[in-house]
Amino acid sequence: MQPLFRPLSADDLDAMLVVEQAAHVHPWSRRLLADSFGERYITGSLWLPEQGLKERLLGYFIADRILDESTLMNICVSPGQQGGGLGRQLMEHYLRLCERQGLTRLWLEVRESNIAARALYLSCGYVESGRRRHYYQGITGPEDAIMMNKC
Ligand SMILES: CC(C)(COP(=O)(O)OP(=O)(O)OC[C@H]1O[C@@H](n2cnc3c(N)ncnc32)[C@H](O)[C@@H]1OP(=O)(O)O)[C@@H](O)C(=O)NCCC(=O)NCCS
């Protein structure tokens, strides 16, 4: 069955937390995820329909928006589903929503060590525009953030 897109809602929090904790080395807390709904945010998620009325969350993104700008704050795909094109589908969905809403200046930050995410963003038209030294706490010490934009 084809995965279905829909915006995230507070009802999705339990499912989001499972994917968040499995996908990220440094996952967001439930509280932070819960604060990511409402007018200021653009969200999207991919769900696999299962037997009955059930669905399984495969991945999602959270971005904020202000004026003509948007910052992608979180994107993740359930580890068992990674490498199959879902991350790209989520990014393309996010970029379509930005285009429809007139958001033309797009930003994000990514850990230097996150090779997969950096490759995905580059292939979606983002360019690297700067670096914040020791911005993140890494497993083996501080880690730089790579700043990227698509304008
Ligand atoms: C980053 C992430 C969302 C990508 O999702 P995905 O479903 O695995 O990605 P896709 O299969 O759609 O691949 C899209 C592109 O990403 C890049 N990519 C994906 N996995 C990669 C890997 N292991 N190594 C290098 N590049 C990779 C490639 O450019 C790929 O394009 P291609 O298939 O044309 O080569 C996913 O790996 C993830 O959830 N990671 C953990 C959370 C995270 O780090 N999020 C980003 C920071 S907030």
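Worth saying up front: this structure is predicted, and the values here are computed from it rather than measured.

Enquirer: Can you break down the state of the cysteines residue by residue, with the values?
Expert: What makes a disulfide is a covalent bond joining the sulfur atoms belonging to two cysteines. Under the defined criterion, the tally for this structure stands at 0 disulfides. C76 carries a free sulfur, and the closest cysteine sulfur to it, the one in C124, is 16 Å from it. With no disulfide of its own, C124 lies closest to C98 among cysteine sulfurs, the gap being 11 Å.

Enquirer: I'd like to hear about the packing of helix α3 (residues 86–100) against helix α4 (residues 115–123), residue by residue, with values.
Expert: At their nearest, the axes of α3 and α4 sit 11 Å apart, and the two run at 45° to each other. If you check the angle between α3 and α4, you find them oblique. Classified by chirality, the crossing of α4 by α3 is right-handed. Residue-level contacts link G87, R88 and M91 of α3 to L120, Y121 and S123 of α4. Taken together, the residues of the contact of α3 with α4 sort by class into 3 nonpolar, 2 polar and 1 charged.

Enquirer: Report on the pattern of salt bridges, specifying residues and quantitative values.
Expert: In this structure the tally under the stated criterion is 13 salt bridges. Of the charged contacts, one joins D14 and R30 as a salt bridge, the two residues approaching to 2.9 Å between their closest N and O atoms. You can see D14 sitting in helix α1 (residues 13–23) and its partner R30 sitting in helix α2 (residues 30–34), a full 16 residues away along the chain. Given the relative accessible area of 40%, R30 is considered partly exposed. Among the salt bridges present, the one from E109 reaches R132, with a minimum N-O distance of 2.7 Å. Taken together, the positions of E109 in strand β5 (residues 105–111) and R132 in strand β6 (residues 127–137) put the pair 23 residues apart, joining distant regions of the chain. Owing to a relative accessible area of 27%, E109 belongs among the partly exposed residues under this scheme. The exposure class assigned to R132 is partly exposed, which follows from its relative accessible area of 34%. Each of R6, D12 and E55 takes part in a single network of salt bridges with overlapping partners.

Enquirer: Before we move on, can you summarise the site of the ligand with the specific residues and values?
Expert: In the vicinity of the ligand there are 18 residues, among which I75, V77, G85, R88 and N114 approach most closely. At 2.7 Å, a backbone N or O of I75 approaches a nitrogen atom of the ligand. N114 is positioned such that a nitrogen or oxygen atom in its side chain is 2.7 Å from an oxygen atom of the ligand. Protein contacts shield 67% of the accessible area of the ligand, which totals 920 Å² for the unbound molecule. More than half of the atoms of the ligand fall within 2 Å of the grid points belonging to the largest pocket. Listing elements by their share of the shell around the ligand, those giving two or more residues are β4 (69–77), α3 and α4. No other element matches the 5 residues that α4 contributes to the shell around the ligand. In terms of residue class, the shell around the ligand is built from 10 nonpolar, 7 polar and 1 charged.

The rules we used
- Residues numbered from 1 in each chain as written.
- Predicted model: local features only at pLDDT ≥ 70, side-chain atom pairs only at ≥ 80, totals over all residues.
- Heavy atoms only, no water.
- Disulfide = S-S within 2.5 Å.
- Axes fitted to C-alpha atoms, helices over the stretch in contact; angles between N-to-C directions.
- Helix = DSSP H or I, 4+ residues; strand = E, 2+ residues; numbered from the N terminus.
- Parallel < 35°, antiparallel > 145°, perpendicular 65-115°, else oblique.
- Left-handed = near helix turned anticlockwise from the far one by under 90°.
- Contact = heavy atoms within 4.5 Å.
- Nonpolar A, V, L, I, M, F, W, Y, C, P; charged D, E, K, R; others polar.
- Salt bridge = Lys/Arg side-chain N within 4 Å of Asp/Glu carboxyl O.
- Buried < 20%, exposed > 50% of the residue type's maximum accessible area, 1.4 Å probe, protein only.
- Near = heavy atom within 4 Å.
- Polar contact = N/O pair within 3.5 Å; in protein donor to acceptor, adjacent residues only side chain to side chain.
- Areas by Shrake-Rupley, 256 points an atom, 1.4 Å probe, with all protein chains shown as cover.
- 1 Å grid on protein atoms, 1.4 Å probe; cavity = no way out; pocket = protein on both sides within 12 Å on 5 of 7 lines; lining within 4 Å.
- Sits in = over half its atoms within 2 Å of the grid points.

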